[in-house]
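Structural features, examined
For reference, the chains in residue letters:
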Amino acid sequence: MGEMIKMVVVLTVLSVISGGGLKWIEEFAKPKIEVQVLENVKGPAIREILAGASNDPVESRFRIEDGEKEHTVFVGAFDGKATTVVLESEGRGYGGLIGLLVAVNVEQEQLLGISVTTHTETPGLGAQAKDNPAFAAQFKGKPIGQPFKITNDGGDINALSGATITSRAVMDATNQALAFYDKFKPQLVEEMQRAVK
Amino acid sequence: MAKSIAQEFTKGLWKEIAPFRLVLGLCPVLGVTTSMKNGIGMGLATTFVLLCSNILVSLLRKVIPSKVRIACYIIIIASFVIVVEQMLQAYAYDIYKSLGVFIPLIVVNCIVLGRAEAFASKNGVVPSMADGLGIGIGFTCSLAALGAVREILGTGALQGDIFGYLPYHLSNIFGASYEPFVFAIQAPGAFICLGLMLCMMNLVPSK
């Protein structure tokens with residue numbers, strides 16, 4: 001019995017110390033990782049969606065608070081006029097969270113495009129969401145009135161073959177971003193003009 | 001223990017050099033050595049985990065009950081792997097991206113668990129440190145050597161840096177007319193290069 005208790009105690013104490021320590025490391029590394037991801041992953045993706053923008057969308061960004069969460073919004077200006085916001089959202093994919101950027105043209109109320117940034121999906125299947133440009137291209141120019149669905153669920157987006165969960169996660173993330181857009185539209189329109197100037 | 005600290009350290013560099021002499025831990029050896037830069041990055045990450053886990057396992061060797069020792073080792077090793085992953089992400093993002101899934105896979109690298117079980121759990125802190133460092137550096141050298149061979153054959157050049165420091169650049173090692181032997185940086189090339197290197201290592205008699 002004594003040995004049993006010792007095993008439980010040692011394992012518990014080790015796990016607690018390890019968990020606590022890792023939490024601390026995460027807190028320490030989080031802001032630095034965010035900067036790296038912004039520079040190496042999101043930056044190029046944002047510039048690609050907003051190809052032809054007259055400003056630097058990564059520089060023209062602002063934050064909006066939604067309850068406890070803070071969202072970063074990137075602004076794209078074309079010919080000096082701020083027309084597009086890029087929103088970030090996340091969907092739960094097959095292998096973990098999928099980070100998504102959703103670019104919305106505010107004037108025409110349509111999608112300018114989407115882009116998957118960070119993911120841990122299966123290479124060759126779910127990872128196609130990022131690697132196969134044809135998937136994201138389906139969103140280009142779509143009106144944002146109603147939620148996006150894949151064809152299996154009665155929508156008009158073709159899912160990636162062999163990666164329905166990933167495809168649904170991308171739909172989910174897109175719809176979340178659009179819900180956020182609807183909720184904060186007046187604020188977004190106001191802030192985006194300020195961000196570009 | 002009759003062996004000296006220096007012996008514990010140097011055995012990992014040649015006599016028990018993990019991938020070549022013991023043919024252990026081959027998954028990262030084959031997977032990440034498409035270039036010398038990746039090999040060094042992976043090797044150093046593994047060395048850090050190996051050193052830290054060896055120290056901690058040897059410190060706790062009297063506390064850890066033998067029935068749950070593997071579980072305890074895995075907790076220790078996994079924690080350090082997450083530390084490495086976070087730090088690489090924060091400070092060396094390009095290495096983190098090119099190593100990808102191989103960083104979390106250090107947890108199941110049999111060299112790390114093997115040293116914890118076979119050495120650190122039976123020896124004091126200082127020999128364990130020497131052992132971890134020696135095996136780790138030996139592992140790094142093996143990865144770097146295999147990576148260099150594959151990169152030179154596959155691209156005809158050798159370039160990169162070590163975590164942003166010490167940049168090295170050698171172009172056109174075989175002259176400008178060299179046609180890159182791309183096979184060497186593809187997966188089957190890893191097996192063949194490793195096999196040839198093993199063969200050459202075996203030509204040198206081990207003492």
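Here is a short report on the structure shown in this document. Residue numbers here run from 1 along each chain, matching the order of that chain's written sequence. The naming scheme follows written order: chains are lettered A onward, ligands numbered 1 onward. Predicted model: local features are reported for residues with pLDDT of at least 70 only, side-chain atom pairs are reported and counted for 80 or more only, and whole-chain, interface and lining totals are derived from all residues.

1. Notes on the overall build of chain A
As a reminder of what qualifies: Here a strand is any run of E in DSSP of at least two residues, a helix any run of H or I of at least four, and the numbering for each starts at the N terminus. Neighbour counting defines burial: a residue surrounded by 20 or more other C-beta atoms within 10 Å of its own C-beta is buried, one with 12 or fewer is exposed, and intermediate counts give partly exposed, using backbone-placed C-beta atoms.
Broken down by element type, chain A carries 5 helices and 5 strands. In sequence order, chain A lays out its α and β elements as α-β-β-β-β-β-α-α-α-α. On the principal axes, the C-alpha backbone points of chain A span a range of 75 × 40 × 30 Å. Out of the 197 residues in chain A, the part that is buried amounts to 33%.

2. A look at the overall build of chain B
Here is the rule: Computation of the radius of gyration draws on C-alpha atoms alone. For the globule rule, the value is 2.2 Å times the number of residues to the power 0.38. Two residues qualify as being in contact provided that their C-beta atoms, derived from the backbone, are within 7 Å of each other.
Looking only at helices and strands, chain B features 9 helices and 2 strands. For chain B, the α and β elements follow one another from N to C terminus as α-α-α-α-α-α-α-α-β-β-α. Taking 17 Å as the expected radius of gyration for a compact globule of 207 residues, we find that chain B reaches 18 Å, a close match to that expectation. Overall, chain B is about 60 × 45 × 30 Å in size when its C-alpha atoms are taken along their principal axes. When each of the 207 residues of chain B is scored for burial, the buried share is 42%. Taking contacts inside chain B between residues at least 6 apart in sequence as the whole, the part at least 24 apart equals 77%.

3. Considering helix H5 (residues 185-196) of chain A
Residue and element names in this part refer to chain A. Condition: A helix's residues, less one, multiplied by 1.5 Å, set its expected span. For this quantity, the arc is that covered by the directions from the helix axis to the C-beta atoms.
The terminal C-alpha atoms of H5, which comprises 12 residues, lie 17 Å apart, in line with the 16 Å expected from a rise of 1.5 Å per residue. Residues Leu188, Met192 and Ala195 constitute the buried set of H5. Seen along its axis, H5 keeps its buried residues to an arc of 65°; they face one direction. In H5, the exposed positions that point more than 90 degrees away from the buried face belong to Pro186, Glu190 and Arg194. Looking at the buried side of H5, the elements it contacts are strand S1 (61-66), strand S2 (69-78), strand S3 (81-92) and helix H4 (164-183).

4. Overview of the pairing of S2(A)
All names here are of chain A. What counts is decided by this rule: In short, DSSP must find at least two bridges between two strands for them to pair.
Bridge count for S1 against S2 is 6 bridges, and the pairing is antiparallel. Looking at the pairing, Ile64 lines up with His71 of S2. The turn joining S1 and S2, which pair antiparallel and follow one another in sequence, is formed by 2 residues; a positive phi near 65° is taken by Gly67. The turn joining S2 and S3, which pair antiparallel and follow one another in sequence, is formed by 2 residues; a positive phi near 50° is taken by Asp79.

5. Details of the interface of chain A and chain B
What counts is decided by this rule: Each residue receives one of three labels: charged for Asp, Glu, Lys and Arg, nonpolar for Ala, Val, Leu, Ile, Met, Phe, Trp, Tyr, Cys and Pro, and polar for the others, Gly being one of them.
Contacts between chain A and chain B engage 17 residues on the former and 16 residues on the latter. When grouped by side-chain class, the residues that make up the side of chain A that touches chain B number 8 nonpolar, 5 polar and 4 charged.

6. Remarks on helix H1 (residues 2-49) of chain A
To keep things clear, this is the line we draw: Bend at a residue means the angle formed by two fitted axes: the first through the 7 residues ending at that position, the second through the 7 residues beginning there.
When the local axis directions of H1(A) are compared, the greatest deviation, roughly 45°, occurs at A:Lys42, which is followed within four positions by the proline A:Pro44. All of the buried residues in H1(A) are A:Leu14, A:Ala29, A:Gln36, A:Lys42, A:Ala45, A:Ile46 and A:Ile49. Here the buried face of H1(A) lies against S2, S3, strand S4 (97-105) and strand S5 (110-116) of chain A together with helix H5 (69-91) and helix H6 (93-99) of chain B.

7. Regarding the pairing of strand S2 (residues 165-170) of chain B
All names here are of chain B. Taken across its 6 residues, S2 has 0 buried, putting it largely on the surface. Note that strand S1 (residues 158-162) and S2 share 4 bridges and pair antiparallel. From the neighbouring strand, Gly160 faces S2, where its bridge partner is Tyr168.

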